[in-house]
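Structural description and commentary
This is what each chain is made of:
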Amino acid sequence: MTAVEQPPALPTWLEPELPFRRVVVPTPEGRIHAIDDGDGPVVLLMHGNPTWSFLWRKVIRELRKQDAGRHLRIIAPDLLGLGLSTKLATPSDHSLGRHIRAIDETLRVLGAKDILLVGQDWGGPIGLGAARSLTARGGRVRAMLFANTAVLPVAHPVRSTSFHRFSRMPVISDLVFKGTLFPVPVLDRAQGDPGSIGAFEKRAYRWPLRAYADRAAPLGLARMVPGDESHPSITEIDANGAWLKAHSAPIGLVWGTRDPILGRTLSRHRKELSPRFVEETQAGHFLQEEVPDALARGILRLDALANA
């Protein structure tokens, strides 16, 4: 069995924010740093671009308050290239399949065979792909909570946002993403309350990417979003969506409706997934920073439904 490794130390200004057990899991795709805290049923918290497990700190604290002593086991990995996981050299090193394989192997090494999946941004498709692999290995996905993500089959014709079109512009996108650490400096603009991501939060999201050579992930993940009908992510996304629609586990949605990126996709997810519940909030894209209590409530509600 693959042994987990000790995590790197955090700077003193970050330590109080992440008072959780952390591990590093070696995988063939790279080392995955993860929060792995608590005992009991596993809740897998999946972040997206350009954040890391720091994004889930408020949700974890809320779960500990609302959990009523059940002591859920929280696993919150950093995606490859982000946080304290292995940094990939170039944007083209990032693919949806590679990210899925890394998280699938992380779950295998950590012995997580029965999970409640929570996915936001790219954490939805990546976590969903890992969940699909887990069930193929004989594991169980007992419930799923999605928050400002996209987990349905790709809608055709494929349409792209201005953000993602810019990410595919040669030379200039590389210079802006790597030179300014875009979009970290403007994360507040995706929020319902811009003050929810202030100077301290931006410093925390910037810190793992402080070295210029480590900044391939934000651009690589942006380019993973389909921009045309032949995009390589489409195969995995469609397979995820088909599996999701056929799966019987209860699904919940917690959405930030003031998200300029994915806020309007709520209606399609509501219609096609028939979730057990939908909680609409006035949060933006990174709703973990604004409404952690709503996410914790949704997780515990699904956990209760799965155990009913």
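Residues numbered from 1 in each chain as written. Predicted model: local features only at pLDDT ≥ 70, side-chain atom pairs only at ≥ 80, totals over all residues. Heavy atoms only, no water.

1. A word on the nonpolar core
Note the threshold: We define the nonpolar core as a collection of buried residues of types Ala, Val, Leu, Ile, Met, Phe, Trp, Tyr and Cys that are connected through side-chain atoms lying within 4.5 Å of one another. Each residue's exposure class comes from its accessible area (1.4 Å probe, protein chains only) as a fraction of the maximum for that residue type: buried when under 20%, exposed when over 50%, partly exposed otherwise. Labels follow the DSSP assignment, with helices taken as runs of H or I lasting at least four residues and strands as runs of E lasting at least two, numbered in each case from the N terminus. Throughout, a contact is declared for two residues whenever any of their heavy atoms are within 4.5 Å.
By size, the foremost hydrophobic cluster in this structure holds 89 residues, and its most contacted members are I115, M144 and F146. The element contributing the most residues to this core is helix α10 (residues 292–306), with seven residues. In contact with I115, not counting residues within four places along its chain, are V42, L44, L107, A131, L134, R140, V141, R142 and A143.

2. Topic: the side chain of S160
Within the secondary structure, S160 is located in the loop between β6 (140–149) and α4 (162–167). Sequence-distant contacts of S160, that is, excluding residues within four places in its chain, are made with R165, R168 and G227.

3. Let's talk about the packing of aromatic side chains
Short version of the rule: The rule is short: rings of Phe, Tyr and Trp, with Trp giving its six-membered ring, pair when the centres are within 6.5 Å, and they are stacked under 30 degrees, edge-to-face over 60, tilted in between. For a Lys NZ or an Arg CZ to count as sitting over a ring, it must be within 6 Å of the ring centre and within 35 degrees of the ring normal.
This structure, assessed with the given rule, holds ten aromatic pairs. Between F54 and Y205 the ring centres are 5.2 Å apart and the planes differ by 80°, which places this aromatic pair in the edge-to-face class. Within this pair, whereas F54 is found in the loop between β3 (42–46) and α1 (57–66), its partner Y205 is found in helix α6 (residues 199–206), the two being separated by 151 residues in sequence. F54 sits in the buried class, given a relative accessible area of 0%. Under the relative-accessibility criterion, Y205 is labelled buried at 1%. One aromatic cluster is present, formed by W13, W52, F54, F200, Y205 and W207 through successive ring pairs. Seen from the ring of F54, R57 lies directly overhead, with NZ or CZ sitting 3.8 Å from the centre. Directly above the aromatic system of W13 lies the positively charged group of R203, at a separation of 3.9 Å from the ring centroid.

4. Here we look at the pattern of salt bridges
Two side chains carrying opposite charge are able to pair once their charged atoms lie near each other. Defined as follows: Salt bridges are defined as contacts in which a side-chain nitrogen from Lys or Arg sits within 4 Å of a carboxyl oxygen from Asp or Glu.
Using the criterion set out here, one finds 23 salt bridges in the structure. Of the charged contacts, one joins D114 and R140 as a salt bridge, the two residues approaching to 2.9 Å between their closest N and O atoms. In this pair, D114 sits in strand β5 (residues 114–121) while R140 sits in strand β6, placing the two residues 26 residues apart along the sequence. The exposure class of R140 is partly exposed, given its relative accessible area of 39%. Here the residues in one salt-bridge network are E17, R57, K58 and E289, joined through shared partners.

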